Amino acid sequence: MVTFNFDQFFETLKTGAVEIAKAEGKEFVKEATTDGKEFLDDLKDDLVRWTKLVVEKKLTKDEFKFLVNGQKDLAKMHALTQAGMASVRIDRIRVAVVDLVINAAQTIV
Amino acid sequence: MYQYPGVRQPQALSAGTSAYRKTVPFVVALSVLFLVGCAAITGYDPTSYKTATDLKAESLTLIEKATDPPTAHREEIDQLRVNLRKAYEYEKGKEGPNHLTVQQWKILNDPQGNLLGGFLRRWEQSVNGQSQVFIEQVKGNIEKAFDQIIKLESHKVKS
């Protein structure tokens, strides 16, 4: 008679879940770092260009202020995207763990 | 290990027994229900994606006309506002956690802000329209703002 070991079953799931979380976490950090760097580089380029346009009197100070404040709004939207991407990663882990549970169950039932 | 008197020790579940056949699927179903039941963010929605990309194109096209006096484009401005409001209400009305996307639309549309809503208000308050140089620069900000909404939507989990 074959004995089913729940502890072993859950240990397998736990190890699998940790591996999935590690992989997703690593990928997220990589993406967030690249994305954050690109955002700051863009911001720097824009500020340099706008300052030059103000000096050349092609942009008014009021227009410059609107653009800089627009960057502040944009930074908030960027932060919301990053928070959303983290939530998406959590959901991906959840889906992967569901698959793991189902696959593990299929091997023992 | 100390055995408490009168307390029955749990029996190992053996494959083929009735308890085994009942317990394993129950535990698995419970785990799956628990994991599926509490998503951190709403899933990918093709309607949301299309709305955001369509509105991006519509907005940028209208912004390019902002060198004209606003009176020449009153209807287009009003129509764009209606479409932006529809997109916001659609996201707000979704079931499940969607507050991040809702907040993004709110920032983009805010008439007191400095992205699309603020630009439309500024244009409407002017007499002769906006300068070409300013339009080119502001277009970049608004384009990036739409891209943030589109990026978040496109990364959501597809069911």
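Note that the structure is a prediction, hence the values are computed from the model and not measured. Starting afresh in each chain, residues are numbered from 1 along the sequence in its written order. Each chain is given a letter, starting from A, and each ligand a number, starting from 1, according to the order in which they appear as written. Totals for whole chains, interfaces and linings use every residue, but because this is a predicted model, local features are given only for residues with pLDDT of at least 70 and side-chain atom pairs only at 80 or more, for both listing and counting. With hydrogens and water set aside, each side-chain value is computed from the structure's full complement of heavy atoms.

Draft legend 1. Local environment of the overall build of chain B. The helix and strand inventory of chain B stands at 6 helices and 1 strand. The helix and strand sequence of chain B, counted from the amino end, reads β-α-α-α-α-α-α. Put simply, 72% of the contacts in chain B that link residues at least 6 apart link residues at least 24 apart. Residue burial considers only the protein chains on display, and all accessible areas are found by Shrake-Rupley using a 1.4 Å probe. If you sum the accessible surface of chain B, you get close to 8,700 Å²; carbon and sulfur atoms cover 57% of it. Helix and strand definitions follow DSSP, with helices as H or I runs of at least four residues and strands as E runs of at least two, each counted in order from the N terminus. Contacts are residue-level and defined by heavy atoms, with any inter-residue pair within 4.5 Å sufficient.

Draft legend 2. Highlighting helix 2 (residues 46–63) of chain B. Residues and elements named next belong to chain B. For a helix, the expected span equals 1.5 Å multiplied by the residue count minus one. Taking 1.5 Å per residue, 18 residues should reach 26 Å; helix 2 reaches 26 Å between its end C-alpha atoms and fits that length. Contact partners of the buried residues in helix 2: helix 3 (74–92), helix 4 (99–109), helix 5 (116–125) and helix 6 (132–155). At the N-terminal end of helix 2, a side-chain oxygen is found 2.9 Å from the backbone nitrogen of Thr 47, two or three residues along, and the residue is Asp 45. Here a polar contact means two N or O atoms within 3.5 Å. Within protein one must be a hydrogen donor candidate and the other an acceptor candidate, and residues neighboring in sequence count only if both atoms are side-chain atoms.

Draft legend 3. Representation of the packing of helix 3 of chain B against helix 4 of chain B. All names here are of chain B. Axis lines are fitted to C-alpha atoms, over the contacting stretch for helices. Their N-to-C directions set the angle, which ranges from 0 to 180 degrees. In the contact formed by helix 3 and helix 4, the axes pass within 9 Å of each other and the chain directions differ by 160°. Regarding the angle of helix 3 to helix 4, the classification is roughly antiparallel. Once helix 3 is placed against helix 4, the crossing between them reads as left-handed. Contacts between helix 3 and helix 4 involve Leu 84, Ala 87, Tyr 88, Glu 91 and Lys 92 on the former and, on the latter, Thr 101, Val 102, Trp 105, Lys 106 and Asn 109. Any residue that is not Ala, Val, Leu, Ile, Met, Phe, Trp, Tyr, Cys, Pro, Asp, Glu, Lys or Arg is counted as polar, Gly included; the first ten are nonpolar and the last four charged. Looking at the contact of helix 3 with helix 4, its residues break down into 5 nonpolar, 2 polar and 3 charged. Roughly parallel means an angle under 35 degrees; roughly antiparallel means over 145; roughly perpendicular covers 65 to 115; every other angle is labelled oblique. Left-handed describes a crossing whose near helix is turned anticlockwise from the far helix through less than a right angle; right-handed describes the clockwise counterpart.

Draft legend 4. Looking closely at the confidence of the model for chain A. Overall, the predicted model of chain A reaches an average pLDDT of 87, with 94% of residues at or above 70. How sure the predictor is of each residue is captured by pLDDT, a score from 0 to 100. Highest mean pLDDT in chain A belongs to helix 2 (residues 61–108) of chain A (89); lowest belongs to strand 1 (residues 3–4) of chain A (64).

Draft legend 5. Geometry of the environment of Pro70(B). Residues and elements named next belong to chain B. Tracing the backbone shows Pro 70 in the loop between helix 2 and helix 3. When a residue's accessible area, from a 1.4 Å probe over protein chains only, is under 20% of the maximum for its type it is buried; when over 50% it is exposed; and in between it is partly exposed. The exposure class of Pro 70 is buried, given its relative accessible area of 2%. When the C-alpha atoms of Pro 70 and Gln 125 are compared, they prove to be 8.1 Å apart, with 55 residues separating the residues in sequence. Those residues in contact with Pro 70 that sit more than four places away from it in its chain are Ile 77, Trp 123, Glu 124, Ser 126, Val 127 and Gly 129.

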